[in-house]
Amino acid sequence: MLWAYDAEHLDFLERYVRAFIREREPNRNGSLASRLPAWLKDAKNRDLVLTRCATLRVRLHQVSRYRLDVGRRRVTDSDLMP
């Protein structure tokens, strides 16, 4: 399951997955990148993960537009499904 807290988090995920060189300090487990699941970091899944990120970005845009239209009404997943 791929998810993101907000647009900034989604931007980070996309940048990380697109990067061919991912440098990090050894023996450090405090960064966000160190906590990502192995399947997301695996190069063989790069295209699929980026496709799913694009889908999330579309949904994020739909929610943003929907919130402007509806106001304070809470948006649920069923509101976004076709």
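As the structure is a prediction and not an experimental result, all values here were calculated from the model. (Residues numbered from 1 in each chain as written. Predicted model: local features only at pLDDT ≥ 70, side-chain atom pairs only at ≥ 80, totals over all residues. Heavy atoms only, no water.)

To continue, consider the pattern of salt bridges. Scanning all chains against the criterion turns up 2 salt bridges. Residue R57 pairs with D11 through a salt bridge whose shortest N-O separation is 2.6 Å. Taken together, the residues span a long stretch of sequence, with R57 in helix α3 (residues 46–70) and D11 in helix α1 (residues 7–18) at a distance of 46 residues. Given the relative accessible area of 30%, D11 is considered partly exposed. Note that E14 is salt-bridged to R57, the shortest N-O span being 2.6 Å. One end of the pair, E14, is in helix α1; the other, R57, is in helix α3, and 43 residues separate them in sequence. Classification of R57 as partly exposed rests on a relative accessible area of 28%. Residues joined in a network through salt bridges with shared partners are D11, E14 and R57. (Salt bridge = Lys/Arg side-chain N within 4 Å of Asp/Glu carboxyl O. Helix = DSSP H or I, 4+ residues; strand = E, 2+ residues; numbered from the N terminus. Buried < 20%, exposed > 50% of the residue type's maximum accessible area, 1.4 Å probe, protein only.)

Interpretation note: all reported values are geometric properties and have no functional meaning in isolation.
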